[in-house]
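Read off the chains here:
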Amino acid sequence: MVAGSCGGVGITSLEKAVAAAEAAHLIPHNMRVEEFTGYADNTTTPDHYVIYWELSPTTDQTEGFSADYLMGQCCLAIEESLDATYKEMRVYDRSIWPLEIKVVKNGTFDRLMDFAVSSGASVAQYKPPRCVRSASLLQILDAPVVSAHFSPRPPTWSM
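Please read these numbers as outputs of a predicted model, since none were measured by experiment. (Residues numbered from 1 in each chain as written. Predicted model: local features only at pLDDT ≥ 70, side-chain atom pairs only at ≥ 80, totals over all residues. Heavy atoms only, no water.)

A few points about the overall build of the protein
And then number 1: Along its length, the protein carries five helices and six strands.
And then number 2: Element order for the protein, N to C, with α for helix and β for strand: β-β-α-β-β-α-α-β-α-α-β.
And then number 3: Whereas a compact globule of 159 residues would reach a radius of gyration of roughly 15 Å, the protein reaches 16 Å, a difference of no more than 12%.
And then number 4: Expressed as a percentage of the 159 residues in the protein, the buried residues total 43%.
And then number 5: Total accessible area computed for the protein in this model is approximately 8,400 Å², and 52% of it derives from carbon and sulfur atoms.
And then number 6: Both charge centroids of the protein, one from 12 positive and one from 19 negative side chains, sit 3 Å from each other. (Helix = DSSP H or I, 4+ residues; strand = E, 2+ residues; numbered from the N terminus. Rg over C-alpha atoms; globule rule 2.2 N^0.38 Å. Buried < 20%, exposed > 50% of the residue type's maximum accessible area, 1.4 Å probe, protein only. Areas by Shrake-Rupley, 256 points an atom, 1.4 Å probe, with all protein chains shown as cover. Lys, Arg positive; Asp, Glu negative; His and termini not counted. Charge placed at Lys NZ, Arg CZ, Asp CG, Glu CD.)

Overview of helix H1 (residues 11-26)
And then number 1: With 16 residues, H1 extends 21 Å between its outermost C-alpha atoms, agreeing within 8% with the 22 Å of an ideal straight helix rising 1.5 Å per residue.
And then number 2: Within H1, the full set of buried residues consists of Ile 11, Leu 14, Ala 17, Val 18, Ala 21, Glu 22, His 25 and Leu 26. Across the axial projection of H1, the buried residues extend over an arc of 135 degrees, all falling on one side. (Expected span 1.5 Å × (residues − 1). Arc of directions from axis to C-beta.)

Focus: the environment of Lys 16
And then number 1: The topology assignment puts Lys 16 in helix H1.
And then number 2: Considering only alpha carbons, one finds Lys 16 and Ile 27, eleven residues apart in sequence, at a separation of 15 Å.

Overview of the nonpolar core
And then number 1: Core analysis: the largest hydrophobic core is formed by 24 residues, its most contacted members being Leu 26, Trp 53, Leu 55, Ile 78, Leu 99 and Ile 101.
And then number 2: Of all the secondary structure elements, the ones that give two or more residues to this core are H1, strand E3 (31-41), strand E4 (48-57), helix H2 (67-81) and strand E5 (100-104).
And then number 3: Discounting residues that sit within four places of it in the chain, Ile 78 has contacts with Ala 17, Val 18, Ala 21, Ile 51, Trp 53, Leu 99 and Ile 101.
And then number 4: In this structure, Val 104, Phe 109, Ile 140 and Leu 141 belong to the second largest nonpolar core, which totals 13 residues. (Core = buried A, V, L, I, M, F, W, Y, C linked by side-chain atoms within 4.5 Å. Contact = heavy atoms within 4.5 Å.)

A look at the packing of H1 against H2
And then number 1: Packing of H1 against H2 brings their axes to within 8 Å, and their N-to-C directions diverge by 140 degrees. It follows that H1 is oblique to H2 by the angle criterion. Crossing hand, H1 versus H2: right-handed. Residues Ala 17, Val 18, Ala 20, Ala 21, His 25 and Leu 26 of H1 touch H2, and the partners they reach there are Leu 70, Met 71, Gln 73, Cys 74, Ala 77, Ile 78 and Ser 81.
And then number 2: Each residue belonging to the contact of H1 with H2 can be placed in one class, and the counts come to ten nonpolar, three polar and no charged. (Axes fitted to C-alpha atoms, helices over the stretch in contact; angles between N-to-C directions. Parallel < 35°, antiparallel > 145°, perpendicular 65-115°, else oblique. Left-handed = near helix turned anticlockwise from the far one by under 90°. Nonpolar A, V, L, I, M, F, W, Y, C, P; charged D, E, K, R; others polar.)

So, the confidence of the model for the protein
And then number 1: For the protein, the average pLDDT comes to 89, and 92% of its residues sit at 70 or higher.
And then number 2: Here strand E1 (residues 5-6) stands out as the element of the protein with the lowest mean pLDDT, 67, in contrast to E5, whose mean of 96 is the highest. (pLDDT = per-residue confidence, 0-100.)

Focus: the side chain of Thr 37
And then number 1: Mapped onto the secondary structure, Thr 37 falls in strand E3.
And then number 2: Relative accessible area serves as the criterion here: at 0%, Thr 37 is assigned to the buried category.
And then number 3: Here Arg 130 takes part through its backbone oxygen, which lies 3.4 Å from a polar atom of the side chain of Thr 37.
And then number 4: When near neighbours in sequence (up to four residues on either side) are disregarded, Thr 37 contacts Val 50, Ile 51, Tyr 52, Phe 109, Pro 129, Arg 130, Cys 131, Val 132 and Leu 141. (Polar contact = N/O pair within 3.5 Å; in protein donor to acceptor, adjacent residues only side chain to side chain.)

The following block contains the structure:
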């Protein structure tokens, strides 16, 4: 595993990919990613990436927000933004399953912070993790999942 990575995907790459998906598919519908984290799920065969999103509206009205379709498009946009190695593994080798976004209830990331602080982290220095490996944190994230969405097709990739 590469330092500063989430199962091989660089943290900076993941942040940029999430921002691109948000700009292309959520912002136009008055939604945004309040917070996110991810992990490489190796309990499936093949492995796949799971990203937890806490969403919030940018206005009182979310225009034309169809969760299933838009979240699938967000999954695909993230996959399209990742590097050639990821795409090769996903498309050519088929050693990675489609990316999954799990939408969690509002306040979930506050519960992550509460857990970290109760485990000795400083409130003033706390930052939500971009990659989760702890079973305890995954339990906190999985409990309030309100929906799960997969990429509808593989990303574009050529040799």
